[in-house]
Amino acid sequence: MGGYDTYQTPLDSRYSSEEMKRLFGRRSRHGTWRKLWLWLAESEKQCGLDISDEAISQLSSHLEVTDEDFELAAEEEKRRRHDVMSHVHVYGLSAPAAAGIIHAGATSCYITDNTELILMKDGLDLLLPKLARVIHVLSEFAIKWRYEPTLGYTHYQPAQMVTVGKRAAGWIQDLMMDLEDIERVRKDLKFRGAQGTTGTHASFMELFNGDEAKVDKLNKLLCDKAGFKECYAVSTQTYTRKVDLRLANAISGLGATVQRLTSDIRHLANMKEIEEPFEKDQIGSSAMAYKRNPMRSERLCSLGRKLASLPVNFTNTYTSQWLERSLDDRPEMFLLADAILLGLENVANGLVVYPKRIDAHNRGELPFMITENVIMKLVSKGGNRQEAHEKVRVLSHQAGHVVKNEGGQNDLIERIKKDEYFKPVWGELDEMMDPKLYIGRSAAIVERFCGQGSAVQQRLVPYKSYISKAVTAELKV
C-alpha cells in the first residue's frame, strides 16, 4: 500500500517541520525509552547496585531502535499486551548482559512519563526560537512602517489615526506575552524521575536496603542525565497532569494570538491595504482568476483555532485522573504550534503594504476626523463651541449622505469652505488634511517598544544566533 492510500494528518504531511515530527516520532520516543533504561542502570550502579560494566556497555551500544527491533516489539506486544514490557524484552535481546536488570525498580510510568517530559522539554526548545524569530521579523516591519498613517478602528468603524507600524507593534506585544508564558513553563518544567509505582519510592528503598540518601542520589543523577534541575516533589504513578494543563494553557495562547493577528491581515487584505505574500504563478481561485485569497492567513486562523481549543482536553484529563493513573497524549499540540510559527514567519517576512491605497482610505475619512480640530480653532478665535458643533454635525451628515446614498466622495471640506460661518479657519483647512498630524506618538511608541535597545530586543538576545541563521520556510499547500 502506497503513501497515497491511507489518511495522513496535514500536520504530518504538509504543515509541521521535520525536526518536530522526528522529535515525536516512534524512533525518537522509543529511543528515549532506551536512554531512560540506560540512565537508570548507570545511576543504580553509581549508587552501589551490582551491575556489570558489560551490561552498561551493551545498553549504551543499542540506544537506537532499529526497524527490526520495532517488528520484534510488535510481535512481543501481541503476546504480552504490554507496550513497555515488549520493548524491555527486545532491548534485552540486544543487550543480553543487561537483560536481567533493565527496568529494575521502575514502573511503566518511569519510562512513559519521563519520556513525555523530555519530549515536551525538547519541543519547547524548538518552539521558543521560532517564536522569537517571528517577533524579530515583525519588529523590523513595525520599525519600517512606523510613520505610515493608517486608519485606526474601534467597533470596526474608522477612528483616530494610527500607523501601520503601530498596528504591528500591537501584534508583537501579544506574541511577546506568548513568549513569556512559554518561557515560564519551560523554566518550571521538572522531571518525574524514579518514584516507584505510586510515588512512594518503595521499590527503590527495597533495592537500596532502606538507604534514603541513595534514593535521593539516584534521582539527582537521573535529573542531571535528562537535563532537568530537579524532580517534582510529589508524584503518584504519574507526574500530575496539572503540568500538562499549565503547559497547554501557555502554548494554546499562541493559537489565540495568531487568530487575532491573521484576522487583521485578512481584513486589511480585503481593503487592499496590506497583503500576505502572493507568488508570481500562484492561483487565488479556480473560477475567479483575478482573486488573491489570503490562504496562508486563513490556514493560520484554522490552525490557531484548533490549538486554542486544546486546553479543554488537558483539563478533562487532569480532572479525570482517578487516583494514580491516566492515559493521554500531547504531540498534536506541539505540531500545531510548530506549524503556526512556520506559517506566521513566512507571512510576516513577506507582508506587502500599499501606501497609496491606505492614503486613499485615510482621505476618505479624514474630513470627519479633523472636525474636532476645526471646532477648537473656531473657539480659539472667539466662536461658540455649541454653535460650531451643530454646524459641523449638519454638514457631516450631508457629506455622509453623498458617500452612502449617492456613492460620491466625502465633500465635507468643500462644504465647510462654502459656509461663511467657518471663514475664520478657511485658510487652515488644507494643511489640516495631512494624516501625519493625527498619528499622535505612534512612531515613538513603536521605537520605544521594539526598536534598538528596546525591551523586545533585549528579550530576544538569547535567541540571537537562531534568528540570524534561520531561513524562511517554504510552505506546502
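Reading the values: the criteria
Residues numbered from 1 in each chain as written. Predicted model: local features only at pLDDT ≥ 70, side-chain atom pairs only at ≥ 80, totals over all residues. Heavy atoms only, no water. Helix = DSSP H or I, 4+ residues; strand = E, 2+ residues; numbered from the N terminus. Buried < 20%, exposed > 50% of the residue type's maximum accessible area, 1.4 Å probe, protein only. Contact = heavy atoms within 4.5 Å. Areas by Shrake-Rupley, 256 points an atom, 1.4 Å probe, with all protein chains shown as cover. Pairing = 2+ DSSP bridges. Axes fitted to C-alpha atoms, helices over the stretch in contact; angles between N-to-C directions. Parallel < 35°, antiparallel > 145°, perpendicular 65-115°, else oblique. Left-handed = near helix turned anticlockwise from the far one by under 90°. Nonpolar A, V, L, I, M, F, W, Y, C, P; charged D, E, K, R; others polar. Salt bridge = Lys/Arg side-chain N within 4 Å of Asp/Glu carboxyl O. Phe/Tyr/Trp six-rings, centres within 6.5 Å; stacked < 30°, edge-to-face > 60°. Lys NZ or Arg CZ within 6 Å of the ring centre and 35° of its normal. Polar contact = N/O pair within 3.5 Å; in protein donor to acceptor, adjacent residues only side chain to side chain. Arc of directions from axis to C-beta. Expected span 1.5 Å × (residues − 1). Disulfide = S-S within 2.5 Å. pLDDT = per-residue confidence, 0-100.

Novice: Go over the overall build of the chain, please, and point to the residues and values.
Specialist: The number of helices and strands found in the chain is 21 helices and 4 strands. Seen through its C-alpha atoms, the chain measures out along the principal axes to roughly 105 × 50 × 40 Å. The buried share among the 477 residues of the chain stands at 49%. Within the chain, counting contacts between residues at least 6 apart in sequence, those at least 24 apart form 78% of the total. By element, 50% of the accessible surface of the chain is carried by carbon and sulfur atoms, the whole surface being about 24,300 Å².

Novice: Explain the pairing of strand E1 (residues 149-154) to me, and be specific about the residues and the numbers.
Specialist: Where E1 meets strand E2 (residues 157-163), 6 bridges bridge the pair, whose relative direction is antiparallel. The residue bridging Pro-149 from the neighbouring strand is Thr-163, located in E2.

Novice: Which residues make up the packing of helix H3 (residues 26-46) against helix H10 (residues 212-226), and what values do they have?
Specialist: It is the contact of H3 with H10, at a shortest axis distance of 9 Å, that shows an interaxial angle of 140 degrees. With respect to each other, H3 and H10 are oriented oblique. Handedness of the H3/H10 crossing: right-handed. Here Trp-39, Leu-40, Glu-42, Ser-43, Glu-44 and Gln-46 of H3 come into contact with H10, specifically with Lys-217, Leu-218, Leu-221, Leu-222, Lys-225 and Ala-226. Considered class by class, the residues forming the contact of H3 with H10 number 6 nonpolar, 2 polar and 4 charged.

Novice: Run through the pattern of salt bridges, naming residues and quoting values.
Specialist: Evaluated as defined, the whole model comprises 33 salt bridges. Asp-125 serves as the salt-bridge partner of Arg-186, at 2.8 Å between the closest nitrogen and oxygen. A residue pair is termed long-range when its members are at least 10 positions apart, and Arg-186 in helix H8 (residues 164-188) and Asp-125 in helix H7 (residues 108-144) qualify at 61 residues. Residues Glu-390 and Arg-393 are paired through a salt bridge, measuring 2.8 Å at the closest nitrogen-oxygen approach. Remark: Arg-393 and Glu-390 occur in helix H17 (residues 385-405); sequence separation between them is 3 residues, near one turn of the helix. Looking at Glu-390, the relative accessible area reads 37%, which means it is partly exposed. Sharing partners across several salt bridges, the network here consists of Arg-29, Asp-113, Glu-116, Arg-241, Asp-244 and Arg-330.

Novice: Which residues make up the packing of aromatic side chains, and what values go with them?
Specialist: Each aromatic ring pair is specified by the distance between its two centres and by the angle formed by the two planes. Throughout the structure, instances matching the rule amount to 6 aromatic pairs. Members of the aromatic cluster, each reached through a chain of ring pairs, are Trp-33, Trp-37 and Tyr-91. Above the ring of Phe-228, the side-chain terminus of Lys-121 is found at 5.4 Å from the ring centroid. In this structure, Arg-241 packs its charged tip against the face of Tyr-239, placed 4.5 Å from the ring centre.

Novice: Just give me the short version of the side chain of Arg-330, but keep the residues and values in it.
Specialist: Within the secondary structure, Arg-330 is located in the loop between helix H13 (311-319) and helix H14 (331-348). Of note is the side chain of Arg-330, whose polar atom sits 3.2 Å from the side chain of Glu-116. Among the polar contacts made by the side chain of Arg-330, one reaches the side chain of Tyr-239 at a distance of 3.2 Å. Discounting chain neighbours no more than four positions away, the residues touching Arg-330 are Glu-116, Met-120, Tyr-239, Arg-241, Asp-244 and Phe-314.

Novice: So what's going on with helix H4 (residues 53-61)? Residues and values would help.
Specialist: Turning to H4, its buried residues are Ala-55, Ile-56, Gln-58 and Leu-59. Along the long axis of H4, the arc covered by the buried residues comes to 165 degrees, so they all point the same way. Opposite the buried face of H4, by more than 90 degrees, sit the exposed residues Asp-53 and Ser-61. Those residues of H4 that are buried lie in contact with H3 and helix H6 (83-94).

Novice: Help me get a handle on the packing of H3 against H7, residues and values and all.
Specialist: Put simply, H3 and H7 touch, their axes get as near as 9 Å, and they point 115 degrees apart. Viewed along their axes, H3 and H7 adopt a mutual orientation that is roughly perpendicular. Regarding H3 and H7, the two cross each other, and that crossing is right-handed. Across from Ser-28, Arg-29, Thr-32, Trp-33, Leu-36, Trp-37, Trp-39 and Leu-40 in H3, the residues of H7 making contact are Tyr-110, Ile-111, Thr-112, Asn-114, Thr-115, Glu-116, Ile-118 and Leu-119. Broken down by class, the residue content of the contact of H3 with H7 amounts to 9 nonpolar, 5 polar and 2 charged.

Novice: Can you explain the side chain of Thr-163? Please cite residues and give values.
Specialist: Examined against the element boundaries, Thr-163 turns out to sit in strand E2. Sequence-distant contacts of Thr-163, defined by excluding residues within four places in its chain, comprise Trp-145, Arg-146, Tyr-147, Glu-148, Pro-149, Thr-150, Ile-439 and Ser-442.

Novice: Outline H14, supporting the account with residue identities and numerical values.
Specialist: The end-to-end C-alpha distance of H14, which contains 18 residues, comes to 26 Å, matching closely the 26 Å that a straight helix rising 1.5 Å per residue would cover. Most of H14 sits out of view: 17 of its 18 residues are buried.

Novice: So, the state of the cysteines: which residues are in play, and what are the values?
Specialist: One pass over the full model with this rule turns up 0 disulfides. Cys-47 takes part in no disulfide bond, and the closest cysteine sulfur to it belongs to Cys-223, at a distance of 12 Å. Its relative accessible area of 3% is what places Cys-47 among the buried residues.

Novice: A description of the confidence of the model for the chain should follow, citing residues and the corresponding values.
Specialist: Averaged over all residues, the pLDDT of the chain is 92; the fraction at 70 or higher stands at 95%. Mean pLDDT across the secondary structure elements of the chain bottoms out at helix H1 (residues 10-15), with 87, and peaks at H8, with 98.

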